[in-house]
Amino acid sequence: MVSRRGFLTGAATLVGTGVVSRVGAASLPEAPLASSAATQVPASPPNGRPFHPVVTLNGWSLPWRVNNGVKEFHLVAEPVVREIAPGMKANLWGYNGQSPGPTIEVVEGDRVRIFVTNRLPENTSIHWHGQRLPNGMDGVTGLNQPPVPPGKTFVYEFVAARPGTFMYHPHADEMVQMAMGMMGFWVTHPKDPSQHRVDRDFVFLLGAFDIDPGSYTPKVNTMTDFNLWTFNSRVFPAIDPMVCRQGDRVRIRVGNLTMTNHPLHIHGHEMEVTGTDGGWVPKSARWPEVAVDIAVGQMRAVEFDAHTPGDWAFHCHKSHHAMNAMGHDIPTMIGVDQRKVTEKINKLVPDYMAMGSTGGAMEGMQMALPENTLPMASGEGPFGSIGMGGMVTTIKIRKGQGRNDYRDPGWYKHPPGTVAREWTGTTPPTHHAPGTANTQEKADLRVRKPQGHDHH
Ligand SMILES: [Cu+2]
């Protein structure tokens, strides 16, 4: 759902606020606006050098116009409302209606002109992370350019010199603006479209937000203890699956603009890093992996052969990043029989809730959620609760999926006899490991309310 916010609308807004940019409103290209968080599969490029477009997970690519051979884009930095998942919206800052902003796709050698209009309440700028460009186009406020004040439009112009995977983000009040969701993806395709050719090319940015349960705006001073871990400002199960055809060569490009690293793990397949921030990795220098760590500020392109049909998990392997808010400040209660204890504690602490004696903290949790809050973990699969949230999605590989078809094919239908099943024969007697037999009686009981007060 991309709507056309034509230059007339833009001009009216600029004139209305008494501000007209240096380039003149009439020469601004339109700044299209995305109104939903659905994945929008881009069509083949309507003009310019041919390329095979990428698919932005829960995002879209920004249309351009060609003006005397120059590709012109218009980004509008502005407050947006982003649906993090059905049931939760966040007041973020982003570009052209969404956070992250739209993906910019150009071809090696293209001359690119990007108009950046600031509709935020404070100065901004854009840094084109990873690009070779004239120093004055690099976007560091104060160092390379004056800030873009609210209401003004600046113009950036450079030649997309090398093919690869890039990002864009502000370099003005960076801590606040990136914590608010200001970031976007950039792909420079090779001049020869047969180079680095794959069948599916997915892109997304890793993000982190700290939004208190029941509230809508991220706490921008949080440094490490975030409670929402996102792919393109979405959490599982609201992140779209990466849909593939069996036999496809698949690329996933990821950029990390959070404050910590994320080891991304693929199930059932092996991947290799084929591109880094600095360019393409020669074939002889690649090695197979099933988890690729993406450090802060890094971009990686990984590739794999989609050889085996199914619904394969793809997720950050930091387990706290595979769940949503409210996962912290909760004590470990595995092995503690809480049945009688809870009764006693409830006399002292009426809202105390026992959690997870057998390990399944999330599944056992029955608690009314505040408004605009997601459960820590949800997602219903064909076999019941998936029990994850955050940085998780699935790679859905199907035989005979259409070449350019990214529609969710539904859950995988396993051939008979290929699903793990209960053993129904006789079982030999089992023995406890030494020292573990009476754990429940011997456990040193230490109970904490979810909100953190200690009670002994
Ligand atoms: Cu992570």
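Residues numbered from 1 in each chain as written. Predicted model: local features only at pLDDT ≥ 70, side-chain atom pairs only at ≥ 80, totals over all residues.

**A few points about the overall build of the protein**
Line of reasoning, step 1. When helices and strands are counted, the protein shows 4 helices and 28 strands.
Line of reasoning, step 2. Within the span of the protein, comprising 456 residues, buried residues form 39% of the whole.
Line of reasoning, step 3. Of all intrachain contacts in the protein linking residues separated by at least 6 positions in sequence, the fraction that spans at least 24 positions is 73%. (Helix = DSSP H or I, 4+ residues; strand = E, 2+ residues; numbered from the N terminus. Buried ≥ 20, exposed ≤ 12 C-beta atoms within 10 Å, placed from the backbone. Contact = placed C-beta atoms within 7 Å.)

**So, the confidence of the model for the protein**
Line of reasoning, step 1. Residues of the protein with pLDDT of at least 70 account for 80%, and the chain-wide mean is 85.
Line of reasoning, step 2. Confidence drops under pLDDT 50 across residues 360-366; counting only partners more than four residues distant or on other chains, this segment forms 11 contacts.
Line of reasoning, step 3. When the criterion is pLDDT under 50, residues 452-456 qualifies, and its contacts beyond four places in sequence or with other chains add up to 9 contacts. (pLDDT = per-residue confidence, 0-100.)

**Some thoughts on the environment of F51**
Line of reasoning, step 1. With respect to the helices and strands, F51 occurs in the loop between strand 2 (33-34) and strand 3 (55-56).
Line of reasoning, step 2. Filtering out sequence-adjacent residues up to four positions away, F51 remains in contact with P45, E105, V107, H189 and P193.

**Quick look at the sheet that holds strand 12 (residues 184-189)**
Line of reasoning, step 1. With mixed pairing, 4 strands are arranged side by side in an open sheet as 7-12-11-9. Every other strand in the sheet has two partners, leaving strand 7 (104-107) and strand 9 (127-129) as the edge strands with one partner each. Along the sheet, successive strands turn relative to each other by an average axial angle of 25 degrees, direction set aside.
Line of reasoning, step 2. Both strand 9 and strand 11 (residues 164-169) contribute to a ladder of 3 bridges, which runs antiparallel. By the bridge assignment, H127 is partnered in strand 11 with H169. (Pairing = 2+ DSSP bridges. Axes fitted to C-alpha atoms, helices over the stretch in contact; angles between N-to-C directions.)

**A word on the pairing of strand 18 (residues 271-276)**
Line of reasoning, step 1. Pairing of strand 18 with strand 20 (residues 288-289) involves 2 bridges; the strand directions are antiparallel. Of the residues in strand 20, the one forming a bridge with M271 is E289.
Line of reasoning, step 2. Sheet analysis places strand 18 next to strand 22 (residues 299-305), joined by 3 bridges and oriented antiparallel. Residue pairing across strands places E272 opposite E303, the latter belonging to strand 22.
Line of reasoning, step 3. Note that strand 18 and strand 19 (residues 279-280) share 2 bridges and pair antiparallel. Note on strand 19: the bridge partner recorded for G275 is W280.

**Let's talk about the environment of F209**
Line of reasoning, step 1. Tracing the sequence through the fold places F209 in strand 13 (residues 200-209).
Line of reasoning, step 2. Sequence separation of F209 and M178 is 31 residues, and the distance between their C-alpha atoms is 9.6 Å.
Line of reasoning, step 3. Ignoring anything within four residues of it in the chain, the contact list for F209 reads A90, P218, F226, L228 and T230.

**Let's talk about unusual backbone geometry**
Line of reasoning, step 1. That bond from S99 to P100 is cis: its omega, -5 degrees, falls within 30 degrees of zero.
Line of reasoning, step 2. Residue P237 follows F236 across a cis peptide bond; omega there is 5 degrees.
Line of reasoning, step 3. Relative to the assigned elements, P237 resides in the loop between strand 14 (228-231) and strand 15 (242-245).
Line of reasoning, step 4. Non-glycine residue D173 carries a positive phi angle of around 40 degrees.
Line of reasoning, step 5. Tracing the sequence through the fold places D173 in the loop between strand 11 and helix 2 (174-179).
Line of reasoning, step 6. Even without glycine at this site, N232 takes up a positive phi of about 50 degrees.
Line of reasoning, step 7. Judged by the 26 C-beta atoms lying within 10 Å of it, N232 is buried.

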